[in-house]
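A closer look at the structure
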Amino acid sequence: IADLPNYRVYIMPKQRKRHLEHKGLTLLELLISMAIIAVIAVMVTPYLLPQQKTIALDQQANQISNYLKLAQAKATGSSSDQSWGVHLENSTGGDDYFELYSTTSDYSQAVIETTLYLSWGTEFGNPTSGNSLTIQFTKGTGDTNTSTFSIVSPNGHSRTININTEGVISITKN
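As a starting point, this report considers the structure included with it. (Residues numbered from 1 in each chain as written. Predicted model: local features only at pLDDT ≥ 70, side-chain atom pairs only at ≥ 80, totals over all residues. Heavy atoms only, no water.)

Let's talk about the pattern of salt bridges
What counts, and what does not: Any Lys or Arg side-chain nitrogen located within 4 Å of an Asp or Glu carboxyl oxygen qualifies as a salt bridge. Each helix corresponds to a stretch of at least 4 residues labelled H or I by DSSP, and each strand to a stretch of at least 2 residues labelled E; elements are numbered beginning at the N terminus. Three labels apply to residues, based on accessible area from a 1.4 Å probe with only protein chains included: buried if under 20% of the type maximum, exposed if over 50%, partly exposed otherwise in between.
Enumeration over the complete set of coordinates arrives at one salt bridge. Asp 58 is paired through a salt bridge with Arg 159; the nearest N and O atoms lie 2.5 Å apart. One end of the pair, Asp 58, is in helix 1 (residues 27–77); the other, Arg 159, is in strand 7 (residues 158–163), with 101 residues separating them in the sequence. For Arg 159, a relative accessible area of 4% puts it in the buried group.

Focus on helix 1
Heads up, the rule is: Note on bend: at a given residue it equals the angle between the axes fitted to the 7 residues ending there and to the 7 starting there.
In helix 1, a bend of some 40 degrees at Thr 45 exceeds every other bend along the element, and Pro 46, a proline, comes one to four places later. Restricting attention to buried positions, one finds in helix 1 the residues Thr 54, Ala 56, Leu 57, Gln 60, Ala 61, Ile 64, Ser 65, Tyr 67, Leu 68, Ala 71, Gln 72 and Ala 75.

Some remarks on the sheet that holds strand 6 (residues 147–152)
Backbone hydrogen bonds are what pair the strands of a sheet, in a parallel or an antiparallel way. Put simply, the rule reads: Any two strands with at least two DSSP-identified bridges between them are counted as paired. To obtain each axis, a line is fitted to C-alpha atoms, and for helices this fit is confined to the stretch in contact; angles are then taken between N-to-C directions over 0 to 180 degrees. What makes two residues a contact is simply this: any of their non-hydrogen atoms within 4.5 Å.
Across the sheet, which stays open at both edges, the four strands sit in the order 4-6-7-8 with antiparallel pairing between neighbours. A strand with exactly one partner marks an edge of an open sheet, and here the two such strands are strand 4 (123–126) and strand 8 (169–173). Between one strand axis and the next, the sheet turns through 30 degrees on average, direction left out of account. In terms of strand pairing, strand 7 meets strand 8 through five bridges, oriented antiparallel. Among the inter-strand pairings, Thr 160 is bridged to a residue of strand 8, identified as Thr 172. Strands in contact with helix 1 are strand 4, strand 6, strand 7 and strand 8; relative to strand 7, the strand with the most contacts, it is inclined by about 15 degrees.

Looking at the side chain of Glu 99
As a reminder, the rule being used: In this charge count, Lys and Arg are treated as positive and Asp and Glu as negative; neither His nor the chain ends contribute. Any pair of nitrogen or oxygen atoms within 3.5 Å is treated as a polar contact; in protein, a donor-acceptor pairing is required on top of that, and neighbouring residues in sequence qualify only through side-chain atoms on both sides.
Tracing the chain through its elements places Glu 99 in strand 2 (residues 97–103). Buried and unpaired, Glu 99 has Lys 74 as its nearest opposite-charge partner, separated by 15 Å. Of note is the side chain of Glu 99, whose polar atom sits 2.3 Å from the side chain of Tyr 107. Non-local contacts of Glu 99, meaning those with residues more than four positions away in its chain, are made with Gly 85, Val 86, His 87, Tyr 107, Ile 112, Thr 114 and Thr 115.

Some details on the sheet that holds strand 3 (residues 111–117)
Spatially, four strands are ordered 3-2-1-5 in an open sheet, and the strand pairing comes out antiparallel. In the strand order of this sheet, the two ends are held by strand 3 and strand 5 (132–137), each with one partner. Between one strand axis and the next, the sheet turns by 15 degrees as a mean value, whatever way the strands run. Alignment of strand 2 against strand 3, held across six bridges, turns out to be antiparallel. Each bridged residue has a counterpart across the sheet, and for Phe 98 the counterpart in strand 3 is Leu 116.

Notes on unusual backbone geometry
Residues Asn 126 and Pro 127 are joined by a peptide bond in cis, for which omega reads 15 degrees. Here Pro 127 lies in the loop between strand 4 and strand 5.

Points about the side chain of Ser 83
Relative to the assigned elements, Ser 83 resides in strand 1 (residues 83–89). Among the residues examined, Ser 83 registers a relative accessible area of 11% and is labelled buried. Residues within four places of Ser 83 in sequence aside, it is in contact with Tyr 101, Ser 102, Thr 103, Gln 136, Phe 137, Thr 138 and Lys 139.

Here you go:
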């Protein structure tokens, strides 16, 4: 043992763990994450709302078009002496609606089958406020008078629905 150099041995005390085991988020991290999500939501919302209104407008235009096609199909397929039509009402109170009806003569003698209100702030641009428009399909042929009307969304977009004398229905984006 004499040949070994003289070394001193130091025993180090156990070092404490420098960090505790991390098993989740702290309250501060959670609050910061929520604040970031809130800021992003506030920034994105103005871009998404007009899209929702435009989608709602397209759905409303398609719904009215489908009811016009239904009235036309009932008029051409009806075995009775009934004509079918759709009556559009632009009320001054703001609750615009349309009705599917059957009749032996005209709208004044109509039997209302369905009444549906326009949704999501959508309103008729034509017919104008306080006025109405009746589109009636002739029994057997499904022909009608040429008609054009429009619906408008709160963001100013509109859809024009045209019906020609042969009963062909088209929707135009404005």
